[in-house]
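What follows is each chain in one-letter form.
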There are 2 protein chains.
Amino acid sequence: MRIRKELLKGSTAIMILKIISKEDAYGYQITQELYADSGETFKLNEGTLYPILHTLEKDGLIKSYSKISEQGRLRKYYSITPLGRVNLAAQIEEWRVFSRAVDAILKEN
Amino acid sequence: MRIRKELLKGSTAIMILKIISKEDAYGYQITQELYADSGETFKLNEGTLYPILHTLEKDGLIKSYSKISEQGRLRKYYSITPLGRVNLAAQIEEWRVFSRAVDAILKEN
DNA sequence: TTTAGATACATCGTAAATCTATGTATATAG
DNA sequence: CTATATACATAGATTTACGATGTATCTAAA
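Undergrad: What's the story with the protein's contact with DNA strand D in this structure? I'm lost.
TA: What surrounds DNA strand D is a group of 25 residues, the closest being Tyr28(A), Arg73(A), Arg75(A), Thr48(B) and Arg73(B). Those atoms of DNA strand D that come within 4 Å of the protein belong to sugar or phosphate at a rate of 73%. A distance of 3.2 Å separates a phosphate oxygen of DNA strand D from a polar atom in the side chain of Tyr50(A). Mapped onto the surface near DNA strand D, the elements with two or more residues apiece are α3 (27-37), α4 (46-58) and β3 (74-80) of chain A together with α1 (5-8) and α4 (46-58) of chain B. Examining the composition of the surface near DNA strand D, we find that five residues originate from one element, α4(A), more than from any other. Taken together, the residues of the surface near DNA strand D sort by class into seven nonpolar, nine polar and nine charged.

Undergrad: Is there a simple way to think about the sheet that holds strand β1 (residues 25-26) of chain B in this case?
TA: Reading across the sheet, the three strands line up as β1-β3-β2 (chain B) and stay open at both edges, with antiparallel pairing between neighbours. A single partner strand is all that each edge strand has here, and the edge strands are β1 and β2 (62-68) of chain B.

Undergrad: I'm lost on the packing of aromatic side chains in this one. Help?
TA: How two aromatic rings sit relative to each other is given by the distance of their centres and the angle of their planes. All chains considered together, the criterion is met by eleven aromatic pairs over all chains. Seen in terms of ring centroids, Phe42(A) and Phe98(B) are 5.9 Å apart; in terms of plane orientation they differ by 75 degrees. Their pairing is edge-to-face. Of this pair, Phe42(A) sits in the loop between α3 and α4 while Phe98(B) sits in helix α5 (residues 82-107), which puts the two residues in different chains. Each member of the pair, Phe42(A) together with Phe98(B), is buried. Judged by centre distance (5.9 Å) and plane angle (85 degrees), the ring pair of Trp95(A) and Phe98(B) falls under edge-to-face. Highlighted residues: Trp95(A) in helix α5 (residues 82-107) and Phe98(B) in helix α5, drawn from two different chains.

Undergrad: I would appreciate a short explanation of the side chain of Thr81(B) in the present structure.
TA: Residue and element names in this part refer to chain B. Its place among the elements puts Thr-81 in the loop between β3 (74-80) and α5. Owing to a relative accessible area of 9%, Thr-81 belongs among the buried residues under this scheme. Each residue touching Thr-81, except ones within four places of it in the same chain, is listed here: Gly-60, Leu-61, Ile-62 and Lys-63.

Undergrad: Explain the pairing of β3(B) to me, please; I cannot follow it from the model alone.
TA: The side chains of a regular strand alternate, first on one face of the sheet and then on the other. All names here are of chain B. Most of β3 sits inside the fold, with five of its seven residues counted as buried. Examined bridge by bridge, β1 and β3 share two bridges and lie antiparallel to one another. Looking at β3, one finds that Ala-25 is bridged to Tyr-78. In sequence, β2 turns back onto β3 through a hairpin of five residues, with Gly-72 there showing a positive phi of about 80 degrees.

Undergrad: Even after reading the chapter, I still don't get unusual backbone geometry, so can you show me in this structure?
TA: Backbone geometry follows two general trends: most residues other than glycine have a negative phi, and most peptide bonds adopt the trans configuration. With phi around 65 degrees, Glu40(A) is a residue other than glycine that occupies positive phi space. Residue placement: Glu40(A) occurs in the loop between α3 and α4.

Undergrad: Mind showing me how you'd approach the pattern of salt bridges here?
TA: Pairs may arise between side chains of opposite charge once their charged atoms sit close together. Scanning the model with the defined rule gives six salt bridges over all chains in all. Residue Arg96(A) pairs with Asp103(B) through a salt bridge whose shortest N-O separation is 3.8 Å. Here Asp103(B) lies in helix α5 and Arg96(A) lies in helix α5, a pairing that spans two chains. By relative accessible area, which is 22% here, Asp103(B) ends up partly exposed.

About the criteria used
- Residues numbered from 1 in each chain as written.
- Chains lettered and ligands numbered in written order.
- Predicted model: local features only at pLDDT ≥ 70, side-chain atom pairs only at ≥ 80, totals over all residues.
- Heavy atoms only, no water.
- Near = heavy atom within 4 Å.
- Polar contact = N/O pair within 3.5 Å; in protein donor to acceptor, adjacent residues only side chain to side chain.
- Helix = DSSP H or I, 4+ residues; strand = E, 2+ residues; numbered from the N terminus.
- Nonpolar A, V, L, I, M, F, W, Y, C, P; charged D, E, K, R; others polar.
- Pairing = 2+ DSSP bridges.
- Phe/Tyr/Trp six-rings, centres within 6.5 Å; stacked < 30°, edge-to-face > 60°.
- Buried < 20%, exposed > 50% of the residue type's maximum accessible area, 1.4 Å probe, protein only.
- Contact = heavy atoms within 4.5 Å.
- Salt bridge = Lys/Arg side-chain N within 4 Å of Asp/Glu carboxyl O.

Structure representation (structure tokens):
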């Protein structure tokens, strides 16, 4: 099922942060993991991904370093900061409250 | 907990449609029900509500009629159309797929 | 009596998030 | 050699919600 982009708004950054929190990751890898781990539901555009990564770094939630892969390609890896972990936990709690409230409304009859 | 407005994007119209599907409702009433049924989580602004109602009506998902209340106040009631019911069912299913996918990402470790 | 707050509808301008499109560049498979 | 995947980046357009503002009535308190 294709998900309207509007539904995604607000939750994309949390998911990116969560993926980086598991292990350092580079941009392209993040889109692949997000696609696989969501059961092929989320196909992240590059025009969405990179600006979010830049914002997260500017806000001090992640930091980056460059590394050359075995294939000789330059990759920009991101790792989560302590501040990022605190922020992630808060955002996950917020998501839980939000999604439970929506469920409550949609379940009502 | 205050929910960032960004999280709301895309799900507000579904919830409004769901409330109207239960019984005909007018604008102010919808904000009250949404607030109560969500456990005081969703406080809908008028600048959000009325444009959405107008769009839903323009799209043929709801229709309106005016009625005077016992207090002598004019109210604009909305009722869901058959097309609105079909659309609501599809959007609820979409929400389920979406929220399960986000849960899957955030649960991963 | 006047004033504040709740009820009731509406629109305008702004901000935020994502998308599409575009650009650059390299590696790999057919 | 050509298409696809990998890899990063930005600009402009679209969508959605918000805050501010406007109009108007009813009710309760000061």
